[in-house]
Amino acid sequence: MTTPRKNPTPPSNPRPRTDAPFLVGDRVKGTSYVPPGPHRREAPENFEGVVVQVGSGYAGVDAEHAFLWVKLKDHTERQALVADTELVEE
């Protein structure tokens, strides 16, 4: 017979430990990313919203440029470099 395992006490910090600077659901602000190429009419813009994706989801794709996607209040999304984004303290 085995003894049931007790659940460990949850950490006092509500954010789980991770190597990523942002987590899905974090409120952030920063400057949107405009990729080079045929995007001459687009310009970087300041934004504030909620992180909906961190990275591409494919290993090695974001090796040089770590991206995240942020959903704004108007339900549109912006792509940004992690380096150009900061956590909003609530």
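Described below are features of the structure shown in this document. (Residues numbered from 1 in each chain as written. Predicted model: local features only at pLDDT ≥ 70, side-chain atom pairs only at ≥ 80, totals over all residues. Heavy atoms only, no water.)

Before going further, it helps to spend a moment on the pairing of strand E3 (residues 67-71). Direction of pairing for strand E2 (residues 46-54) relative to E3: antiparallel, over a ladder of four bridges. By the bridge assignment, Gln53 is partnered in E3 with Trp69. In this sheet, strand E4 (residues 77-87) lies alongside E3 in antiparallel orientation, the contact comprising five bridges. Its bridge partner being in E4, Lys71 is matched across the sheet by Glu77. Taking the residues between adjacent antiparallel strands as the criterion, E3 and E4 are bridged by five residues, where His75 takes a positive phi near 70°. (Pairing = 2+ DSSP bridges. Helix = DSSP H or I, 4+ residues; strand = E, 2+ residues; numbered from the N terminus.)

Relative to E2, strand E1 (residues 27-32) runs antiparallel, the two sharing five bridges. Bridge pairing links Thr31 to Asn46 in E2. Sheet topology places E1 next to E4; four bridges connect them, and they run antiparallel. Paired with Ser32 across the two strands is Ala80, which belongs to E4.

Listed in full, the nine residues of the largest apolar core are Phe22, Val28, Phe47, Val51, Leu68, Val70, Leu72, Ala80 and Val82. Those elements giving two or more residues to this core turn out to be E2, E3 and E4. Once you skip the residues sitting within four places of it in the chain, Leu68 turns out to touch Phe22, Gln53, Val54, Gly55, Arg78, Gln79, Ala80, Val82 and Thr85. (Core = buried A, V, L, I, M, F, W, Y, C linked by side-chain atoms within 4.5 Å. Buried < 20%, exposed > 50% of the residue type's maximum accessible area, 1.4 Å probe, protein only. Contact = heavy atoms within 4.5 Å.)

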